[in-house]
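Spelled out from the first residue to the last, the chains are:
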Amino acid sequence: MWSGDPQRLVDLDPEPKSRVEGGGQAGPTSGRDHGNLSRLRSSSLEIKEKEIREKGSEILREQLDAAKRELKLKDKECERLSQVRIQLEQELEELTASLFEEAHKMVHDANVKQAAAEKQLKEAQGKIDVLQAEVTALKTLVLTSTPSSPNRQLHPQLQPSGTRGAYRHVRNKSASGTFPSLPGKPEPSSLSIQPVTKEDREMDSVLYAEFLMWKENPSVERSSAFLSRTYREDIGPCLSFTRSELSQLVQSAVENNSLTIEPVAMSTLPMVKASAVECGGPNGFRAAIETKCALSGMSRLCRHRIKLGDKGSYYYISPSSRARITAVCNFFTYIRYIQQGLVRHDAEQMFWEVMRLRREMTVAKLGFYLTDQG
């Protein structure tokens, strides 16, 4: 049982219908209450809807502001990337322009160098042609000079005293084709040799075939039939002197192109005996010193000496020995020119020049050589 103040009862049922059913009565008061409750409910719903709309609007505004801020950041980033792209394009254009300019400069420099090289090549070829012409002319002068009919251009002492200059040799490795000596002493070269006005020749097919085989692969080795025959028939006999040991050293030096032949001053000659011979000097005489030839061992007028390679020893040689050595040197010089591609003649012209040089060795080994006529 419950007792209490009925004024304090709380109506837990929001609907008026429950109270009518429980009390069994309905009246005007309950209808008004029902209307009030409906109004309250609608007003509360409106308030809630308003609050919801306000909150939704606020959230949307915040999202809109955030989107605007993000768009501004993206605009700034796009602007920065656009500037970077513009800068890269400018740098690429500058780099392309510089590369084209550098390539153009390199092509221009290459063309200039090529033109200069071609010009130098033409000049060098012209000089080679001039030198070959000079060599040919000198060989012609040498061949046309004999003891019975000397060439005045090769022997200045035969010219008038007003135009004659001092004749002297220069130091060389491959000696020239002229072999001056002191006059006044009989030598085998003093024999009269009649000048040849016309020379007939006939090519030996065996010798020519051997030369052609050697020319295909030119070398100074003795393995080829051409050089083997030349050594056997010409070089060996021409450089075969009484002093055999020194002869072998001379031949090795000639083969290696390390032999030096030079004229000597009279004061440096080891004196054996002195005599006065007519020479056409200032007083009409000059001293001629006779000494032993290091190769033949005979007393001769030795006006030249040889040096083998870098050795410090000098060997005094007679004119005949010098002629034999220089003949072999001339032969080796010419075949080296062929080996190096410096001879611009056909095979037949080269062959006849080689035969001429072999003839010089043959004549020299027999004791014939050119002399000055005092």
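Above this text is the structure in question.
A quick note: this is a predicted structure, and the numbers were derived from the prediction, not measured. Going along each chain's sequence as written, the residues are numbered from 1 onward. Residue-level local features of this predicted model are given only where pLDDT is at least 70; pairs of side-chain atoms are given and counted only at 80 or more, and the full residue set underlies all totals for whole chains, interfaces and linings. Excluding hydrogens and water, the side-chain figures rest on all heavy atoms present in the structure.

Attention shifts here to the overall build of the chain. For helices the rule is a DSSP run of H or I covering at least 4 residues; for strands it is a run of E covering at least 2, with both sets numbered from the N terminus onward. Looking only at helices and strands, one finds 7 helices and 6 strands in the chain. In this scheme, a residue with accessible area under 20% of its type's maximum is buried, one over 50% is exposed, and one in between is partly exposed, where area comes from a 1.4 Å probe on protein chains only. Taken across its 374 residues, the chain has 28% of its residues classed as buried. When contacts within the chain are restricted to residue pairs at least 6 apart in sequence, long-range pairs at least 24 apart make up 65% of them. When the accessible surface of the chain is split by element, carbon and sulfur atoms take 55% of a total near 25,700 Å². By definition, residues are in contact when any of their heavy atoms lie within 4.5 Å. Each accessible area is a Shrake-Rupley estimate made with a 1.4 Å probe; only the visible protein chains count as cover when residues are assessed.

Only the stretch in contact is used when fitting a helix axis, every axis being a line fitted to C-alpha atoms; angles between N-to-C directions are given from 0 to 180 degrees. Where helix 6 (residues 319–339) contacts helix 7 (residues 347–365), the axes come no closer than 8 Å and their chain directions differ by 165°. When the axes of helix 6 and helix 7 are compared, the pair comes out roughly antiparallel. Here helix 6 runs over helix 7; the crossing is left-handed. Within the contact between the two elements, helix 6 uses A323, R324, A327, V328, N330, F331, Y334 and I338 and helix 7 uses M350, E353, V354, L357, R358, E360, M361, A364 and K365. Each angle gets one of four labels, with under 35 degrees taken as roughly parallel, over 145 as roughly antiparallel, 65 to 115 as roughly perpendicular, and the rest as oblique. Note on convention: the crossing is left-handed when the near helix lies turned anticlockwise from the far helix by less than a right angle, right-handed when the turn is clockwise.

Another point: a negative patch on the surface. A contiguous patch of negative charge, built from E51, E54, E58, E62 and D65, is present on the exposed surface. Within the secondary structure, E62 is located in helix 2 (residues 28–143). Without a salt bridge and with relative accessible area above 30%, a residue can belong to a patch; like charges are then joined within 9 Å and nonpolar side chains (Val, Leu, Ile, Met, Phe, Trp, Tyr) within 5 Å. Any carboxyl oxygen of Asp or Glu within 4 Å of a side-chain nitrogen of Lys or Arg constitutes a salt bridge here. Positive charges come from Lys and Arg, negative ones from Asp and Glu, while His and the chain ends are left out of the count. One atom stands in for each charge, and that atom is NZ of Lys, CZ of Arg, CG of Asp or CD of Glu.

Another point: the nonpolar core. For the purposes of this section, nonpolar cores are sets of buried Ala, Val, Leu, Ile, Met, Phe, Trp, Tyr and Cys residues that join through side-chain atoms within 4.5 Å. Judged by nonpolar contacts, the single largest core of 43 residues is most densely connected at L259, I325 and F331. Counting only elements with at least two residues in this core, the list comes to helix 3 (205–216), helix 4 (225–238), helix 5 (244–255), strand 1 (259–263), strand 5 (304–308), strand 6 (314–317), helix 6 and helix 7. When residues of this core are assigned to their parent elements, the largest contribution, 9 residues, is made by helix 6. Every residue in contact with I325, bar those within four places of it in the chain, is listed here: L239, F241, V250, V254, L259, I261, L295, I306 and I317.

Here we take up the sheet that holds strand 1. DSSP bridges decide pairing: two strands pair if at least two such bridges lie between them. What the 3 strands build is an open sheet, ordered 1-5-6; its pairing is antiparallel. Because the sheet does not close on itself, it has two edges, and the strands there are strand 1 and strand 6. Each neighbouring strand pair of the sheet contributes to a mean axis angle of 30°, computed without reference to strand direction. Bridging between strand 1 and strand 5 involves 5 bridges; their strand directions are antiparallel. Looking across to strand 5, one finds that P263 is bridged to H304.

This brings us to the packing of helix 4 against helix 6. Relative to each other, helix 4 and helix 6 sit at 160°, their axes nearing to 9 Å. In terms of orientation, helix 4 lies roughly antiparallel with respect to helix 6. When the axes of helix 4 and helix 6 are compared, the crossing they make is left-handed. Facing helix 4, whose interface residues are F226, L227, T230, Y231, I235, P237 and C238, helix 6 presents R324, V328, F331, F332 and I335. Among the residues making up the contact of helix 4 with helix 6, the classes are represented as 10 nonpolar, 1 polar and 1 charged. Charged means Asp, Glu, Lys or Arg here, nonpolar means Ala, Val, Leu, Ile, Met, Phe, Trp, Tyr, Cys or Pro, and polar covers whatever is left, Gly included.

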